Amino acid sequence: MNEQIQLMIDWIETNFKNKFSLDELSNYMGYSPYYCSFKFHQITGISIRRYILLRRLYLSTEDLANNKKIIDIAFDYGYSSHEAYSRAFKNIFGINPREYQLNKFPVQSIVKLNINKNGEWNKMNISKKIEVEKLRHDRSELFDKDVLHILNGQVMYEEFNNNRLMGESDYAPFNEAMCVNETTDQTFDKEFILIRAAGHHEPVERYMEKVIAPLANLFNKEYKCIVLWFGEDMFCQMNLLTILAYLEQSGYEGKVFLNSFREDEFKVNQTELKLGPYHSVYKEVLVNHAKPSHEVMPVLYQAINIYLDMLNEDNPVVKYINKNKNLSTKEMINRLFERFPTIGYGDLQYIELINKIR
């Protein structure tokens, strides 16, 4: 069945700029439209039409970045008007195409599905070392001794540390999973530590050792610039939002840069961020579980929508697990990694969810 779904995906990819017809796809596959639609959703965790919508809009960002006329892009991807394309674009990315074209904010990469990856979803296609050295060459001032780099997680920190990638600057890991469990209005205070430790079923001392102690330089030193290395997925973006909220509540006045990247291809998109709405957004989203009242960059907007969706008991991941309960836990986790890359859960989050459902 995986081979058949991959054939569907390949056909869809070669026909993106044509008006989609489920009947034509079913004729190509030799199965009924219902069977194609049902099996695609069962195996991939997403409907055919949703997949096509997301892929078309993501591919259109490349044309926008190259300053192609928006009306031409709209027609190229099957929209009847500039307005219809703009509505669809804003619904997914949180800003209109013209805003994206002017600012080129990072977005989540909605890549072609590959059903037959055999668990290799997280292997890097481009060396981290080469990419970081390129950044150091282009922006050497961001690797000075009065700069702090915050990396998403211990694994990334150790890899950067072992390869001595950061020049004279300080760097630290943020070892959290803010997309699960409850949190508090103020970040990193006593109440925050107690709530987060309880949520992770850890002693307070262990939580402080793992999460708080590595961030000592953030709390105790002054920096002219802080560079945040966080992936595009929801897991990383909720961690990013927490760090940004702390910078605002602590009155940080230096520069802030986001180095956003995909996990499967370490290609960095660097953006300078202006502090202002993030503490409010943090409280609205992570504390109150509501949509933000402020406009945020597309990659964070997309992640917030995923986060809020994952709070629902009938979210796509839960549905997928329920439909595939016969799989072993190991195989289930591998498939979840492949099918839901924009969520960014790790083994621990998926194991807890699988056990809860079973």
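Here the structure is a predicted model, which means the values were calculated and not measured. (Residues numbered from 1 in each chain as written. Predicted model: local features only at pLDDT ≥ 70, side-chain atom pairs only at ≥ 80, totals over all residues. Heavy atoms only, no water.)

> Which parts of the structure should I look at to understand the overall build of the protein?
The helix and strand tally for the protein stands at 18 helices and five strands. Relative to the 2.2 N^0.38 estimate, which gives 21 Å for 358 residues, the radius of gyration of the protein is 21 Å and therefore close to what a compact globule would have. Viewed in the frame of its principal axes, the protein has a C-alpha envelope of about 65 × 50 × 40 Å. In the protein, which comprises 358 residues, the proportion classed as buried is 51%. Surface summary for the protein: the accessible area is close to 17,300 Å², and the carbon and sulfur share equals 47%. Here the protein contributes 43 positive and 48 negative side-chain charges, whose respective centroids are spaced 4 Å apart. (Helix = DSSP H or I, 4+ residues; strand = E, 2+ residues; numbered from the N terminus. Rg over C-alpha atoms; globule rule 2.2 N^0.38 Å. Buried < 20%, exposed > 50% of the residue type's maximum accessible area, 1.4 Å probe, protein only. Areas by Shrake-Rupley, 256 points an atom, 1.4 Å probe, with all protein chains shown as cover. Lys, Arg positive; Asp, Glu negative; His and termini not counted. Charge placed at Lys NZ, Arg CZ, Asp CG, Glu CD.)

> How should the pattern of salt bridges be read in this particular structure?
Close approach of charged atoms allows side chains of opposite charge to pair. Considering all chains together, one arrives at 14 salt bridges under this definition. When the shortest N-O distance is used, the salt bridge between Lys-112 and Asp-10 registers 2.8 Å. Here Lys-112, found in the loop between helix H7 (97–103) and helix H8 (128–138), pairs with Asp-10, found in helix H1 (residues 2–14); they are 102 residues apart in sequence, far enough to count as distant. A relative accessible area of 36% means that Lys-112 is categorised as partly exposed. A relative accessible area of 28% means that Asp-10 is categorised as partly exposed. Between Arg-55 and Glu-13 there is a salt bridge, and its shortest N-O distance comes to 2.8 Å. Pair noted here: Arg-55 is in helix H4 (residues 48–65) and Glu-13 is in helix H1, with a separation of 42 residues, a long-range link. Accessibility expressed as a relative area gives 7% for Arg-55, which makes it buried. (Salt bridge = Lys/Arg side-chain N within 4 Å of Asp/Glu carboxyl O.)

> Mind showing me how you'd approach the environment of Asn-217 here?
With respect to the element layout, Asn-217 can be found in helix H12 (residues 216–220). Sequence separation between Asn-217 and Asp-170 is 47 residues; the distance between their C-alpha atoms is 7.9 Å. Once residues within four sequence positions are removed from consideration, Asn-217 is found in contact with Leu-148, Asp-170 and Tyr-223. (Contact = heavy atoms within 4.5 Å.)

> Could you clarify how one ought to interpret the packing of helix H2 (residues 22–29) against helix H3 (residues 33–44) in this entry?
Angle between the axes and distance between the axes are the two parameters that describe a pair of packed helices. Axis separation between H2 and H3 bottoms out at 8 Å; the angle between their running directions is 90°. With respect to each other, H2 and H3 are oriented roughly perpendicular. In this structure, H2 contributes Leu-22, Asp-23, Ser-26 and Met-29 to the contact, and H3 contributes Pro-33, Cys-36 and Ser-37. Classifying every residue of the contact of H2 with H3 by side-chain character gives four nonpolar, two polar and one charged. (Axes fitted to C-alpha atoms, helices over the stretch in contact; angles between N-to-C directions. Parallel < 35°, antiparallel > 145°, perpendicular 65-115°, else oblique. Nonpolar A, V, L, I, M, F, W, Y, C, P; charged D, E, K, R; others polar.)

> Hey, could you run me through the sheet that holds strand E2 (residues 170–173) in this one?
The strands making up a sheet are joined through hydrogen bonds of the backbone, oriented either antiparallel or parallel. The five strands are arranged E2-E1-E3-E4-E5 in an open sheet whose pairing can be described as mixed. At either end of the open sheet lies a strand with only one pairing partner, and these are E2 and strand E5 (269–273). Ignoring strand direction, the axes of neighbouring strands in this sheet form an average angle of 20°. In this sheet, strand E4 (residues 255–261) lies alongside strand E3 (residues 225–231) in parallel orientation, the contact comprising seven bridges. Counterpart to Ile-226 in the pairing with E4 is Val-256. (Pairing = 2+ DSSP bridges.)

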